[in-house]
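Here is what each chain is made of, one letter per residue.
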Amino acid sequence: MSVNMVAVASMATPSITISFTNSKSLPLSSSSSSSSLPSCWPSSNSTLRRHPSSCALTLRCGAAVFASSSSPFTSPNSNSSSVIVAALGIDAQPERDYEPLQVMISGAPASGKGTQCELIKHKYGLVHVAAGDLLRAEIATGSDNGKLAKQYMEKGQLVPDHIVVMMVKDRLLKPDAKDNGWLLDGYPRSLSQATALKGFGFQPDIFILLEVSEDILVERVVGRRLDPVTGKIYHLKYSPPETEEIAARLTQRFDDTEEKA
Ligand SMILES: Nc1ncnc2c1ncn2[C@@H]1O[C@H](COP(=O)(O)OP(=O)(O)O)[C@@H](O)[C@H]1O
């Protein structure tokens, strides 16, 4: 079975409500509480097992904008995501029922990926593997790969595949990810990365694409602030600081501007 779903996430809260676009009976979550996840997802416990079929899930977020074509990839293009989904073979019927769940999630900066990752990993006990975090850890070791990766990251460019692919593959093969399942975030960012991972035998059960219209992304990015003391992210309009004291010390990332967004 191939499942086609659309979910709408409210811009102000990280919650998701989900419905099937083919008008089948809807296992909808009745309301949008801030901790809710799609009710059609399997229930949460440490013995979570895979869905019997893979699916690609597109979450179109913010003010019910269904026509958005924003994409997580370097050259935003909704076709590129479907190519990647196809390359990953997500529509194929897996023969791996009753194994730990494997999920990929993609979305543009400020699409709410970080928020959804936190909710998903806690609810399903998955190991969160973020490509950016792996690269930063590699840089911290001072290795040659880390030094090379740093040069690309400082310019805001994608790190070459020969570094990223092996890093992600090695991480997914670690016992915690194999035993508990994983939530892969920020990878793949190109068709070649998707193909490479598939070549190593990885095929996610679910590919989640967070689609947000450009004007909402810009609004989120421009209003985003960081508390340098706690590391908490605020939004001046949607998630304002609790106190004047916090408000006074908030900073803005140098690239959180309308131009950069
Ligand atoms: N899959 C990937 N392939 C190549 N480079 C990547 C990948 N993921 C992350 N990077 C590099 O790491 C940087 C930081 O990534 P990330 O932590 O996801 O934050 P950002 O939202 O800034 O992309 C990216 O700008 C890019 O240089």
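Going by an unreviewed UniProt entry, the chain carries the name adenylate kinase and comes from Arachis hypogaea. Turning to the chain, the UniProt annotation filed under Catalytic activity (unreviewed entry) states: "AMP + ATP = 2 ADP". Regarding the chain, the UniProt comment filed under Subunit (unreviewed entry) reads as follows: "Monomer."

Another aspect to go through is helix α7 (residues 191-199). Along α7, the positions that sit buried rather than exposed are Gln-193, Ala-194 and Leu-197. Looking down the long axis of α7, one finds its buried residues gathered within 100° of arc, a one-sided arrangement. Positive backbone phi, approximately 90°, marks Gly-201, located one or two places after α7.

Note that Asp-227 resides in the loop between β8 (224-226) and β9 (233-235). Classification of Asp-227 by relative accessible area gives buried; the value is 0%. Note: C-alpha distance between Asp-227 and Ile-246 (19 residues apart in sequence) is 7.0 Å. If we ignore the near neighbours within four places in the chain, the residues touching Asp-227 are Lys-232, Tyr-234, Ile-246, Arg-249 and Leu-250.

Near the ligand there are 13 residues, and of these Arg-136, Gln-157, Gly-186, Arg-189 and Gln-193 occur at the shortest range. Arg-189 has a polar side-chain atom sitting 2.7 Å from an oxygen atom of the ligand. Gln-193 places a polar side-chain atom, nitrogen or oxygen, 2.8 Å from a nitrogen atom of the ligand. In isolation the ligand has 530 Å² of accessible area, and contact with the protein removes 80% of it.

About the cut-offs
- Residues numbered from 1 in each chain as written.
- Predicted model: local features only at pLDDT ≥ 70, side-chain atom pairs only at ≥ 80, totals over all residues.
- Heavy atoms only, no water.
- UniProt positions renumbered as here; feature names shortened; annotations may be inferred.
- Buried < 20%, exposed > 50% of the residue type's maximum accessible area, 1.4 Å probe, protein only.
- Helix = DSSP H or I, 4+ residues; strand = E, 2+ residues; numbered from the N terminus.
- Arc of directions from axis to C-beta.
- Contact = heavy atoms within 4.5 Å.
- Near = heavy atom within 4 Å.
- Polar contact = N/O pair within 3.5 Å; in protein donor to acceptor, adjacent residues only side chain to side chain.
- Areas by Shrake-Rupley, 256 points an atom, 1.4 Å probe, with all protein chains shown as cover.

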